[in-house]
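Residue-level structural notes
So you can see what is in the structure, the chains are spelled out below.
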Amino acid sequence: METDVLIIGGGPAGLNAAFEPASNGMNVTIIDESFSFGGQLRSQTQYFDHLPRPFNRERGTNLSRKLIDRLLPFDVDFLPQHTFVGKYKDGTIGVSHKNEVIPINAKKVIIATGAAEEAIMFPGWTLPGVMTIGAAQILMNRDRVMPGKDAIIVGSNEFAFDVVQQLKDVGANVHGIVESDSQMRLQNSQKIEAFKNLGIPLYVNASITEAQGKGKVEKVFLGRNGEKINLDVDLICIAGGLMSILEPFEIMDCKLVYNQALGGWIPEYDKHFETSNQSTYVAGNAAGITSIGGILTTGELTGVSVMASLGVLKSEEAAERKRDLWHQLYQIEGIQRPDTYHARLAAIKDFNTSKDRTLTK
Amino acid sequence: MQIINHPVLEDTVNDEITFHLDGKSFKAYKGQTVAAALMANDIKKFGHSRKLQKSRGLYCANGRCCNCFMTIDGLDHVLACMTLVEDNMRISLNNSDPDIRSDRDGN
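All figures in this text were calculated on a predicted structure; none of them were measured in a lab.

Here we look at the domain arrangement of chain A
Residues and elements named next belong to chain A. Assigned domains of chain A: these are domain 1 (2-116 + 242-360) and domain 2 (119-238). Of note, the centres of domain 1 and domain 2, computed from C-alpha atoms alone, are 32 Å apart. Listed by partner, the interface residues are 7 residues for domain 1 and 7 residues for domain 2. For the pair domain 1 and domain 2, the summed buried surface comes to about 700 Å²; carbon and sulfur atoms form 45% of the total.

Describing the side chain of Thr302 of chain A
Residues and elements named next belong to chain A. The residue Thr302 is located in helix H7 (residues 292-309) in this model. Within the local environment of Thr302, its side chain forms a polar contact with the backbone oxygen of Val282, the two atoms lying 3.0 Å apart. Once residues within four sequence positions are removed from consideration, Thr302 is found in contact with Ile110, Phe273, Tyr281, Val282 and Ala283.

Quick look at the pattern of salt bridges
For the coordinates displayed, the defined rule picks out 17 salt bridges over all chains. Here Arg142 of chain A makes a salt bridge to Asp143 of chain A, at a shortest N to O gap of 3.1 Å. Exposure class is identical for Arg142 of chain A and Asp143 of chain A. Each is buried. The partner of Glu247 of chain A in a salt bridge is Arg64 of chain B, and the shortest N-O contact between them spans 3.0 Å. Of this pair, Glu247 of chain A sits in helix H6 (residues 247-251) while Arg64 of chain B sits in the loop between strand E4 (55-56) and strand E5 (69-72), placing the two residues on different chains. Take Glu247 of chain A: its relative accessible area is 38%, and that puts it in the partly exposed class.

Here's the deal with helix H2 (residues 60-69) of chain A
Residues and elements named next belong to chain A. Here H2 has its buried residues at Gly60, Thr61, Leu63, Ser64, Leu67 and Ile68. Down the axis of H2, the buried set is contained in an arc of 160 degrees. They therefore lie on one face. Among the structural elements, helix H1 (12-23), strand E3 (47-48), strand E4 (58-59), strand E5 (76-79) and H7 are those in contact with the buried residues of H2.

Calculation criteria
Residues numbered from 1 in each chain as written. Chains lettered and ligands numbered in written order. Predicted model: local features only at pLDDT ≥ 70, side-chain atom pairs only at ≥ 80, totals over all residues. Heavy atoms only, no water. Domains from an automatic or database assignment. Contact = heavy atoms within 4.5 Å. Buried area = accessible area lost by both parts, 1.4 Å probe. Helix = DSSP H or I, 4+ residues; strand = E, 2+ residues; numbered from the N terminus. Polar contact = N/O pair within 3.5 Å; in protein donor to acceptor, adjacent residues only side chain to side chain. Salt bridge = Lys/Arg side-chain N within 4 Å of Asp/Glu carboxyl O. Buried < 20%, exposed > 50% of the residue type's maximum accessible area, 1.4 Å probe, protein only. Arc of directions from axis to C-beta.

Written out as structure tokens, the structure is:
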């Protein structure tokens, strides 16, 4: 199989990366290991603000639909249940689908595999009924199944609070939010206010000492400053934050670097989002954990970069588009998540310095 | 438990299907994963671990953690969270190592 641009990962970053090349007449192939496209947005009924043009404040579920629909008029092949499993010696990409492996020859590859949820471990954390906060959201909003009736949440980031609201909306009882830090991690004042109105206890300086139950969670024990609290719950949701998914970059021989502010290990990349492997680009949370606005903008930037490197865009036009998109990234990520934005700039600078050093050797 | 009237999303009319877990029949809706179909029927334990004999169930729902392996239509070690449930699907709990050298696998 031949394609101009192969995009690995059909979430918001991959879908948005596809738009510019596809709408300019290139053939784009998007693969995803799931049975449908949209990534986590498929399950996110919360509203998202600070989106890049042409999008406005929107529920994740609707945004997901729009990102897919606007690709439909173009030459885009959507391949669900296709998993990137390896690279042949000549650079051909190997993709598995059911019981076959399909070789794909692509001029450029964009990796937009997003992020995975970090675990928070405690005795009993492997019991059925303990799941990531994202898993609870998938059950409720994609599969329309109650993840449990009586829940407790570990971790207090913004995502946790979004899902707490959604758990309440489907009729689950949320018995508390457990945070090991001295204050909640959520910073959005509007959402803090909304949370206070729910009357759910927030246990700070606290952690789960054990989850117990026969074949499934039935009880949870919390410890807070030597005080012990036990609660009857059937659902424990872990909100441990996100880390970039790296296996695809390892397969593509992309150099990795550790960057705390961007969520841990990430691939190295330059201002065009090109990795140390010149055929491979990165977009979205895989390039460092960011907001949905950052995910969409880095996706678009990557799409423009790929077009420029293949000569589909003239170099002056490409330079202007990229300047525009970097300005947009500054306006969205730079203001909403300044630490992320500055860490990203510093990481790009470091990568350029190391590239220069290699060239002069 | 199924969420019939979702507080935010539009109502959808998906076909009801029947699947079998170790010989017992259950109902679910088309479009749901095997993992979700089981959770909807209050089945949370999908198997147990070999070494420590601990119960295992749905954890990440994204095909990454490999906690939800089950035997589906005769195929061992299939991710229940990434597989859509189908009418008459036969599912077994993942309680032992798959016999990779059996005749069935051509070995």
